[in-house]
Each structure stands twice: as C-alpha cells, then as structure tokens.
Amino acid sequence: MAALVDVDDDVMEPSLQTILDQRSLRWIFVGGKGGVGKTTTSCSLAIQLAKVRRSVLLISTDPAHNLSDAFSQKFGKDARLIDGFTNLSAMEIDPSAGLQDMLAGMNDDGSGNPGGGEAGGGLSMVQDIALSIPGIDEAMSFAEVLKQVKSLSYETIVFDTAPTGHTLRFLQFPTVLEKALAKVSQLSGQFGPLLNTMMGSNGGTLPNGQSLTGFIAQLESLRETISEVNTQFKDDALTTFVCVCIPEFLSLYETERMIQELSSYQIDTHCIVVNQLLYPRKGSQCEQCGARRRMQKKYLDQIEELYDDFNVVHMPLLVEEVRGKERLEKFSEMLIHPFVPPDLEEAQ
C-alpha cells in the first residue's frame, strides 16, 4: 500500500486513545451512514476499552444484528460474554420489540384470542394512540434496555447504532416518551369511564391483570429512567459519540447532518473515523485506483477543513473482511496506533 497523502504532509496524527484515557466515560455511541464500518469500529473500540476498563458491554441497536457476524458468535437480548474475553460482553436488541412485546402481553387474554373481546377493543384504542407516535417503538425498547443496563455493573457501555436516521430518532427518545405519556394520560382522562366499561366490570383491569393506570405507571417509570440517563448523555464527562464515515459525498453529508443534530441534543462528539481509505502502491499503473485516490483525497481534505478541531482517525481499506476476534484485534490496534502506509514509513 502507498500513501493517500503526500509524503511531505504530516503523518496521520489521530487515534482514539483519548477515549481510552477518559476514564469517566460511561456511554460511547458509534454511528454513521450504513455500510461505512460502524460495527467493525464499535467492536474494535470495545476491544481496546476492555484492556483498560474493569468491564465493557457492547450493545447493537441495529436490526441487522452485525455483532454476531463480526465475532462469529450468536448474541441475543441478554448480555453474553464474548469468546476469548473475560470482561467484554455483547447483546443485540430488536429496536421494534419493546412496545410490541409489552402490548402483546396486554393483548393476550389467556385464550389465545389476540383481540381479547371487549377488553381488546378498548385496549386497541390505547395501542393505536401509542403506536401512532413516530419512534415510540424504538424509544420504548431503548428505555427498557437502559433500565436493564442500569441494573448491571458494567463500567463502560458501547452502542453500535443503526444507520444515521434511526440513531437520531433514538436520541430523541426522551421527548418521544414524554409525548406518549401525555397522550395516554389524556386518553385516560377523557375516555377512562368508557374504557373501563369496555374492559369489563373489574374496574378497567386488562386481560393480563394490569390496569390502564398500571400501564400509565409503567410509562412513567420509563420516563423517569430516560430522564436520568438523558442528563448523563448531555454530560461530556460521561458520554461521547464517535462518527464513522468514508471519504465520499453522501457519507460526508450524513456525517455533517449527524454532528449538527448531536450538537442540538448537547451530546459531545469530537472523534471521526474515516474508513476504507485507499493507498495504491507508489508507481502503480492502476487507473481506477488513481482516480479513487484523487476522489478520496478531495473529500478527506474537506473533512480535515470542516473538522479541524476534531480527532480525525484514518483507517485503510483492507484486502480481507474484518471478522473474528483475531482480525478485529488487529484492526483495533490501528484505532489507537495510527496506520502509517509503507511508503510514508520508508520516507521518514
């Protein structure tokens, strides 16, 4: 491989060492446009963190569930120790499962009838209200996960997030749940007597024994949890967001959008990982390689100019997939010890 940057330029200064050194960090998000290497980066960062932290939990909120593929090990909704590690665990959650699972339990009247008779009719109104709020399913799922994580003793939690749009919705979940609670409370106040009648003479008890009041109380409990965590997310001593991109227009556009949104949410971000950088060998006659190198150089220059106060990490395009513990560990070293292309190395 040869250099994308000129030999006279400074060697790539960047690394994610600052994240390892900031011992107060508890929540670390890794996100970006689909296909830019978020999972590889989050897995590699978690591996490095496990070297200097008592315990690390890696959580995927991407429906694609790429953690299992990356480590060649099956993960689910419960934290499981990653093979070959003693203090690094992983879990994969379904962003759409939280509210659906809760409502499914409320639907089941014990007879296998999902409608639940008259009670089901009243409950359907509650569901329609709740499900009509954009992002409520992800928000409820995320809040439930945060409740579980809070009860665990992991020192640091790394989130391998879904593509940009879903991630930004995730970060809006406090507002989303506030809206959900307000709507259901309003429904209860306005139509409580009617719902109680439709749900039977047991005072509005749902088929699974939970009352409408209990359902609202559950939402309120989640709201308190996410309110507390949201305060932590806005504390740059506790939380940071690592943006991952590739040197192409759409990815750069998504990165700028994400950074602007994160700023509006008061969430710290000061690290950008630029993946898939091409380093054609010096003197290479590959026309396509040269053209792509020039394109990448253009966008890399824009990234450096736009984010001159960011820690921009350069990662090379590799000739093999980064899958399995051994390859992830090798990749992770380049996040901490900047990759120096061979020709640059020889010139110094």
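The rules behind these values
Residues numbered from 1 in each chain as written. Predicted model: local features only at pLDDT ≥ 70, side-chain atom pairs only at ≥ 80, totals over all residues. Heavy atoms only, no water. Helix = DSSP H or I, 4+ residues; strand = E, 2+ residues; numbered from the N terminus. Contact = heavy atoms within 4.5 Å. Areas by Shrake-Rupley, 256 points an atom, 1.4 Å probe, with all protein chains shown as cover. Pairing = 2+ DSSP bridges. Axes fitted to C-alpha atoms, helices over the stretch in contact; angles between N-to-C directions. UniProt positions renumbered as here; feature names shortened; annotations may be inferred. Buried < 20%, exposed > 50% of the residue type's maximum accessible area, 1.4 Å probe, protein only. Phe/Tyr/Trp six-rings, centres within 6.5 Å; stacked < 30°, edge-to-face > 60°. Lys NZ or Arg CZ within 6 Å of the ring centre and 35° of its normal. Patch = residues over 30% accessible without salt bridge, like charges linked within 9 Å, V, L, I, M, F, W, Y side chains within 5 Å. Salt bridge = Lys/Arg side-chain N within 4 Å of Asp/Glu carboxyl O. Disulfide = S-S within 2.5 Å.

J.: Describe the overall build of the chain, with residues and values.
T.: For the chain, the count of helices and strands is 13 helices and eight strands. Residue pairs at least 24 apart in sequence account for 80% of intrachain contacts in the chain once pairs closer than 6 positions are excluded. Of the roughly 15,700 Å² of accessible surface on the chain, 49% is carried by carbon and sulfur atoms.

J.: How would you summarise the sheet that holds strand 8 (residues 311-316) if you had to cite specific residues and measurements?
T.: Read across the sheet, eight strands follow the order 3-4-2-5-1-6-7-8 without closing on themselves; strand pairing throughout is mixed. The sheet terminates laterally at strand 3 (80-81) and strand 8, the two strands that pair on one side only. Here strand 3 runs beside strand 4 (residues 88-92); their pairing, made up of two bridges, is antiparallel. Bridge assignment links Leu-81 to a residue of strand 4, and that residue is Ser-89. On the sheet, helix 10 (residues 249-264) packs against strand 1 (27-32), strand 6 (239-245) and strand 7 (271-277) and is oriented at approximately 165° with respect to strand 6. Sitting on the sheet, helix 11 (residues 287-306) is in contact with strand 6, strand 7 and strand 8, with an inclination near 175° to strand 7.

J.: Report on the UniProt feature "binding site: ATP" (unreviewed entry) in the chain, specifying residues and quantitative values.
T.: The UniProt entry lists Lys-33, Gly-34, Gly-35, Val-36, Gly-37, Lys-38, Thr-39, Thr-40, Glu-248 and Asn-275 under the feature "binding site: ATP" (unreviewed entry), expressed in the numbering used here. Tracing the backbone through its elements, the reader meets Lys-33 in the loop between strand 1 and helix 2 (38-50). On the basis of relative accessible area, Lys-33 is assigned to the partly exposed category, the value being 30%. You can see Lys-38 is positioned in helix 2. According to the relative accessible area criterion, Lys-38 is buried, its value standing at 6%. Leave out the neighbours within four places in its chain, and Lys-38 touches Val-30, Gly-31, Gly-32, Lys-33, Asp-160, Thr-161, Ala-162, Pro-163 and Val-244.

J.: Give a detailed account of the pairing of strand 1, specifying residues and quantitative values.
T.: The element strand 1 is extensively covered by neighbouring structure, given that six of its six residues are classed as buried. Across the two faces of strand 1 the burial is the same, with Trp-27, Phe-29 and Gly-31 and Ile-28, Val-30 and Gly-32 all buried. In the sheet, strand 1 pairs with strand 5 (residues 156-160) via four bridges, with the strands oriented parallel. Of the residues in strand 5, the one forming a bridge with Phe-29 is Phe-159.

J.: How would you sum up the packing of aromatic side chains? Please name residues and give values.
T.: Tallied over the entire structure, the rule returns eight aromatic pairs. On the basis of an interplanar angle of 20° and a centroid distance of 6.2 Å, the ring pair of Trp-27 and Phe-159 is categorised as stacked. Here Trp-27 is found in strand 1, whereas its partner Phe-159 is found in strand 5, with 132 residues between them in sequence. Residue class for Phe-159 comes out buried when judged on its relative accessible area of 0%. Between Phe-29 and Phe-159, the ring centres sit 4.8 Å apart and the planes meet at 10°, which makes this aromatic pair stacked. Of this pair, Phe-29 sits in strand 1 while Phe-159 sits in strand 5, and the two are 130 residues apart along the sequence. Three or more aromatic residues joined by ring pairs make a cluster, and in this case those are Trp-27, Phe-29, Phe-159, Phe-233 and Phe-241. Above the ring of Trp-27, the side-chain terminus of Arg-26 is found at 5.0 Å from the ring centroid. Over the ring of Phe-85 we find Lys-325; its NZ or CZ atom is 5.0 Å from the centre of that ring.

J.: Explain the environment of Arg-327 to me, using residue names and the numbers behind them.
T.: Position of Arg-327 relative to the elements: it lies in helix 12 (residues 325-336). As a C-alpha pair, Arg-327 and Phe-71 span 256 residues in sequence and 9.6 Å in three-dimensional space. When residues no more than four places from it in sequence are discounted, the contact partners of Arg-327 are Glu-320, Glu-321 and Val-322.

J.: Would you mind going over a nonpolar patch on the surface in detail, with residue names and values included?
T.: On the surface, Phe-249, Leu-250 and Tyr-253 cluster together into a nonpolar patch covering about 360 Å² of accessible area. Looking at the element boundaries, Tyr-253 is found in helix 10.

J.: So what about the state of the cysteines? Which residues, and what values?
T.: Summed over the entire model, instances satisfying the criterion amount to zero disulfides. In this structure Cys-243 is a free cysteine whose sulfur lies 8.0 Å from that of Cys-245, the closest cysteine sulfur available. The thiol sulfur of Cys-271 is not disulfide-bonded, and the nearest other cysteine sulfur, from Cys-243, lies at 9.1 Å. According to the relative accessible area criterion, Cys-271 is buried, its value standing at 1%.

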